[in-house]
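What follows is the residue order along each chain.
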Amino acid sequence: MATDLRARLGQAELPNPILTASGCAGSGRELAQFFDVSKIGAVVTKSVMLAARAGRPTPRMAETPSGMLNSIGLQGPGIDAFLQRDLPWLLSRGARAVVSIAGGTVDEYAELATRLSDSAGVTAIEVNISCPNVEDRGQVFACDAGAAAAVVDAVRGRARYDIPVFAKLSPDVTDIVAIARACVAAGADGLSLINTLLGMTIDMDTMRPVLAGVTGGLSGPAIRPVAVRCIWQVREALPDVPIIGMGGVRTGQDALELILAGATLVSVGTAIFHDPSACMRIVRELEEELARRGVERLPDVVGLAHEPSSNSRRRLTGNVS
Amino acid sequence: MTVGTPEPEAGPVQVRGTVLTVRRVDAYYAMTVVAPGIAARFKPGQFVTLAVGGPSTSMLLRRSFSVHDVRPDHGGTVEFVFAADGPGTRWLAERRSRDVVDITGPLGRPFPVPRDPVTCLLVGGGYGSAPLFSLSARLRERRCTVDFLLGASTGEKVFGALTARRTGRTATITTEDGSLGARGIVTDMMGQIIHEARTDAIYACGPMPMLRQVTLLARRYDIPVQVAVEELMACGVGVCMTCVLPVVGTDGITRMVRSCVDGPVFRGEQVRWDDVGTIPFDAFGAPGWEPRSRRAAGLSGAPAAAGPHGGNQANGH
C-alpha cells in the first residue's frame, strides 16, 4: 500500500513534504541537473536581500564531524535580480517557490515582503531572522522575542493575505518556545525550525580560526537531535502551528523523526552537498518508511511522538526497527 | 546506473561508479572509475566530485578532483589523481577494484582551446598537472605544439614527468630541492621557455601562488593565459557558495564568482590574485554597496553595517 504523501502549505497542496533548506539549493537551477524540482514539495530559496551582497571572505566553510560550518554572509544578487531571473525560472519548471528573505532592519524585511507580494507565484515566505539588526548594535533578531516579533509583524502586515509567512528560528536561544510564541502572536502562519547553531573550529597547522568569519553556522546530522528537541518543544507548546522542520536530515527515516516530533514539512539542507539528488531519494525513503509502518496518510504521523505510547503502539503496526 | 536525470543539454550526472583500479603514482594515487556518462561528456579542465566514507559517513563534503584522463574501455572510464593526505582521501586510497563509489561530473568550465595550430605552454605544479595531459591530447588533435613545464617541491611530487617527456615537444621539470630537473620553481624557467618555444598561449594548473606568478609572467610577455584554480568546495555544483574568488567580468565589474561553475578555468588576468581570500571593496555587493535605505538613514560606514552572514550571528559581537 502506498502512503499518501501530499502535504499542505497555506493554500498550496504539495506532492510531498520534502523541501530544500534555504541556502543549500540556490534557487533550484543547479539541482535541476540532478532531479525534477517540481517533484519535491517546494524549493526554499537561498535568503534574498534587498541589495546585492558579496558575502564574507574565504575560507567560508569547514568540515566538522557529521556536519559543517559555514560563513557565507548571504551572498546574493538582491531582490531585483531574483524576481527577474530566479523566480520566473522556478515557476517555469512547475516548482513551488518558498522564498527566504533576510534583512538588516525591520523595514528591509517589510520591503521584501511587499516586493514578493507584488509578484505572482510565491507559495510562502520564510523569514530568516538570524541576521544582525543594524539598528540595534548587530543584535540578532532571532535571539530577542521583541525583535523577532517586530520583523514577523512587519512582514505579515505587508505580505499578501494568501501567502503564508513562516519565521525561521535560531536554536541559539535560552527558550525557543518564548520566541516561537512571540512570532506566532505577531502573525506568523508557521515556524521553521531550526537554523544553524553558531560554531567555530581552529586550524591545527596555523593554530588560527579556520573560517575567515571566525564563527559559522553548524549544520548537518550533528545537529539533528537539537532540531528534534526544538520541534518537540514548540509543537508541545503550540500544537496547531505548522512547522517546517530542518536540521541534519539525511535519510527518509531522519525526515520521519522530525515529522514525529511535530514537523508538517521537512527541509533537506547539508545532505544536498553530500548528495545532490538527496531530496528525491528522501521522498522515496520516507514513502517506504511510512508504508512499512502501515501509515496511510502523512498527517496521521505529524507529532505522533507526543501521544501516549500505548496509543502509538496501536497505530504503529508492522516492523518497527 | 544513473541516479540523476541529466538535462538534455548534457550537464553533469551523478552515478554509482565501479572502481576499476587504484594505483600509486609517485607520491600520489590514481583512481580509475567506470562512469560512462561522465566520460562521454568530459572536456579537459573539468572535474568530478566523490562522496567519501560510505553511506553513514561522518564526512559530509564531497571531494573534488580534476580529471586526469577518460578512456572508452568498459563503456567509459574516468581517472583522477589525489594525494592521500586526509581521512577522506585516505578512504579513497583504500578502495579496491569492484568497490562502488558515488561520483558526479563532469563539472565546471573546461579549458578553451585555440582555433589555430599555435604553440602552447602547459604549466603544472604538483599533482595540479593531472588535467594538463588530456588537454595536451586535445591541443595536439588541433595540431597545436605543446611544451610542458612541471614543478613540485621534490622529484616524486612531480606528476606525469614521463608522459610530459613522451608527448610534449619539450618537457622542463623543476624541483625546489633539485632532486629532479632544474632546482627552483616553475616560474624561474618560464621566461626562457617562452623565448625559446615562441609560446602563443599558456595553460596552468596548480597551487594559487603559482597561478598568480604564472599570470604575472604571462602578462609581462603579453601571452593569453588560462588557469584552473584550486579552491575549497563543499558541493561542487554551484549551490553552497563556499568556493568564491574575486574575478573581473568583461564589463569591468568584479564579482565573487563560484570556482565550481564559473570556473575552475579562468583567464588568468580576470582573477584578482592579490585579493583572493578577501572581498575587494569595489566588488559587486561589497559592504560599500549598501542598500539605498541604509544610505538614506545615514548609517553608511557604521560598524554594525559589516552585515549578517550565512550562518547565524554577528561576528565579533
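Residues numbered from 1 in each chain as written. Chains lettered and ligands numbered in written order. Predicted model: local features only at pLDDT ≥ 70, side-chain atom pairs only at ≥ 80, totals over all residues.

**Thoughts on the overall build of chain B**
The condition that has to hold: A run of H or I in DSSP counts as a helix once it spans at least four residues, and a run of E counts as a strand once it spans at least two, with each numbered from the N terminus. Exposed residues have 12 or fewer other C-beta atoms within 10 Å of their own C-beta, buried residues have 20 or more, and partly exposed residues fall in between, where C-beta atoms are placed from the backbone. This entry defines residue contacts through backbone-placed C-beta atoms, with two residues in contact when those atoms are within 7 Å.
Per the secondary structure count, chain B includes seven helices and 15 strands. For chain B, with 317 residues in total, the buried portion stands at 52%. Intrachain contacts of chain B at a sequence separation of at least 6 include 62% that bridge at least 24 residues.

**A few points about the interface of chain B and chain A**
Rule in force here: Each residue gets one label: Ala, Val, Leu, Ile, Met, Phe, Trp, Tyr, Cys and Pro are nonpolar, Asp, Glu, Lys and Arg are charged, and the others, such as Gly, are polar.
With 52 residues of chain B in contact, the opposing surface of chain A contributes 63 residues. Contributions of two or more residues to the side of chain B that touches chain A are made by β6 (100-107) and α7 (292-296) of chain B. Broken down by class, the residue content of the side of chain B that touches chain A amounts to 27 nonpolar, 20 polar and five charged.

**Describing the packing of helix α5 (residues 224-237) of chain A against helix α6 (residues 252-261) of chain A**
Residues and elements named next belong to chain A. We count it as follows: Here, axes are lines fitted to C-alpha atoms. For helices the fit covers the stretch in contact, and angles between N-to-C directions go from 0 to 180 degrees. Orientation labels follow simple angle bins: below 35 degrees gives roughly parallel, above 145 gives roughly antiparallel, 65 to 115 gives roughly perpendicular, and whatever is left gives oblique. The hand of a helix crossing depends on one turn: near helix anticlockwise from the far one by less than a right angle means left-handed, and clockwise means right-handed.
α6 packs onto α5 with a crossing angle of 25 degrees between their chain directions and a minimal axis gap of 8 Å. Between α5 and α6, the angle is such that the two are roughly parallel. Judged by the twist between their axes, the crossing of α5 over α6 is right-handed. On the side of α5, the interface is formed by Arg-224, Ala-227, Val-228, Ile-231, Trp-232 and Arg-235, while α6 contributes Asp-254, Glu-257, Leu-258 and Ala-261. Partitioned by chemical class, the residues of the contact of α5 with α6 number six nonpolar, no polar and four charged.

**Describing the domain arrangement of chain B**
Residue and element names in this part refer to chain B. Short version of the rule: Reported domain spans reflect what an automatic or database domain assignment gives.
Split into domains, chain B comes out as domain 1 (13-107), domain 2 (119-230) and domain 3 (236-285). Spacing between the C-alpha centres of domain 2 and domain 3 amounts to 23 Å. On the domain 3 side, the residues contacting the twelve residues of domain 2 number twelve residues. Elements with a contribution of two residues or more to the side of domain 2 that touches domain 3: α6 (208-220) and β12 (225-228). Of all the elements, α6 adds the most residues to the side of domain 2 that touches domain 3, at seven residues. In terms of residue class, the side of domain 2 that touches domain 3 is made up of eight nonpolar, two polar and two charged.

**Some points on the nonpolar core**
The following threshold applies: In plain words, the nonpolar core is the set of buried Ala, Val, Leu, Ile, Met, Phe, Trp, Tyr and Cys residues that C-beta atoms within 7 Å link up.
Among the nonpolar cores identified, the biggest contains 207 residues, and Ile-125, Ala-148 and Cys-183 of chain A are the most heavily contacted of them. Element by element, the count of residues in this core is highest for helix α3 (residues 145-158) of chain A, at eight residues.

**A few points about the sheet that holds strand β16 (residues 215-219) of chain A**
All names here are of chain A. This is how it is decided: Whether two strands pair depends on DSSP finding at least two bridges between them.
A sheet is described by the order of its strands in space; here four strands give the open sequence β5-β6-β16-β13, paired in antiparallel fashion. Each edge of the open sheet is held by one strand with a lone partner, namely β5 (61-64) and β13 (197-200). With direction set aside, neighbouring strand axes in the sheet form an average angle of 35 degrees.

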